[in-house]
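As a plain string of letters, each chain reads:
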Amino acid sequence: MAITDKVYLKNHRQIVSQLDVNIPKGAFSGATMDVLYSGEGLAKLDDATRDRLLDFAEDFLDPENPDDLYTGYPERQFVRYLLELRAQGLGPDAIVDVMSDEYMLYAYPGDVLSFLDSAVRTLEAAETLAEVDGDDEMEAKMRKARKALSG
């Protein structure tokens with residue numbers, strides 16, 4: 001299961017109450033994104049909630065090619081965001097706090113830790129493959145990325 005399947009709307013009940021429509025808790029659920037980021041959905045929300053969800057839409061739901069929105073673009077952008085937070089030295093608890101403050105999203109720190117551990121293992125594998133292939137430049141790049149994630 002992808003990390004984006006484990007990212008939820010913070011204050012889900014409050015948002016559902018304001019919208020007067022039931023939506024899934026998952027932030028990357030198609031139904032959630034359709035309702036929240038339509039003009040009508042956002043107009044029903046209080047200012048603070050609307051501002052944070054608009055920030056989320058601008059940062060993750062605004063590809064150069066609009067067709068990319070339905071090809072995993074939001075999820076890839078969010079994964080990049082999580083990896084950048086980790087590269088800045090934040091641990092799972094701090095990452096959850098930041099995404100909650102910035103976008104009103106929530107994930108369990110254990111899920112974030114599992115995602116980061118998996119990312120490190122993937123980079124280790126890519127580093128080994130580059131070594132076997134004799135690609136010193138790629139091996140160094142993967143090692144640097146892995147060390148940035150490992151802390």
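Refer to the structure above for everything that follows.
Described in the following lines is the structure provided in the data block. Every value quoted in this text rests on a predicted model; they were computed, and no experiment measured them.

This part is about the packing of aromatic side chains. In the structure shown here, the tally under the stated rule is 11 aromatic pairs. Here the aromatic rings of Phe56 and Tyr103 are separated by 6.0 Å at their centres, their planes lie at 75°, and the arrangement is edge-to-face. Highlighted residues: Phe56 in helix H4 (residues 47–60) and Tyr103 in helix H6 (residues 92–103), separated in sequence by 47 residues. Comparing Phe56 with Tyr103 shows no difference in burial state: the two are buried. Ring geometry for Phe78 against Tyr81: centres 5.6 Å apart, planes inclined by 40°, an arrangement best described as tilted.

Of the positions making up helix H1 (residues 12–19), those classed as buried are His12, Ile15, Val16 and Leu19. Seen along its axis, H1 keeps its buried residues to an arc of 100°; they face one direction. Exposed and oriented more than 90 degrees from the buried face of H1 are Arg13 and Ser17. Positive backbone phi, approximately 60°, marks Asp20, located one or two places after H1.

Conventions adopted
Residues numbered from 1 in each chain as written. Predicted model: local features only at pLDDT ≥ 70, side-chain atom pairs only at ≥ 80, totals over all residues. Heavy atoms only, no water. Phe/Tyr/Trp six-rings, centres within 6.5 Å; stacked < 30°, edge-to-face > 60°. Helix = DSSP H or I, 4+ residues; strand = E, 2+ residues; numbered from the N terminus. Buried < 20%, exposed > 50% of the residue type's maximum accessible area, 1.4 Å probe, protein only. Arc of directions from axis to C-beta.

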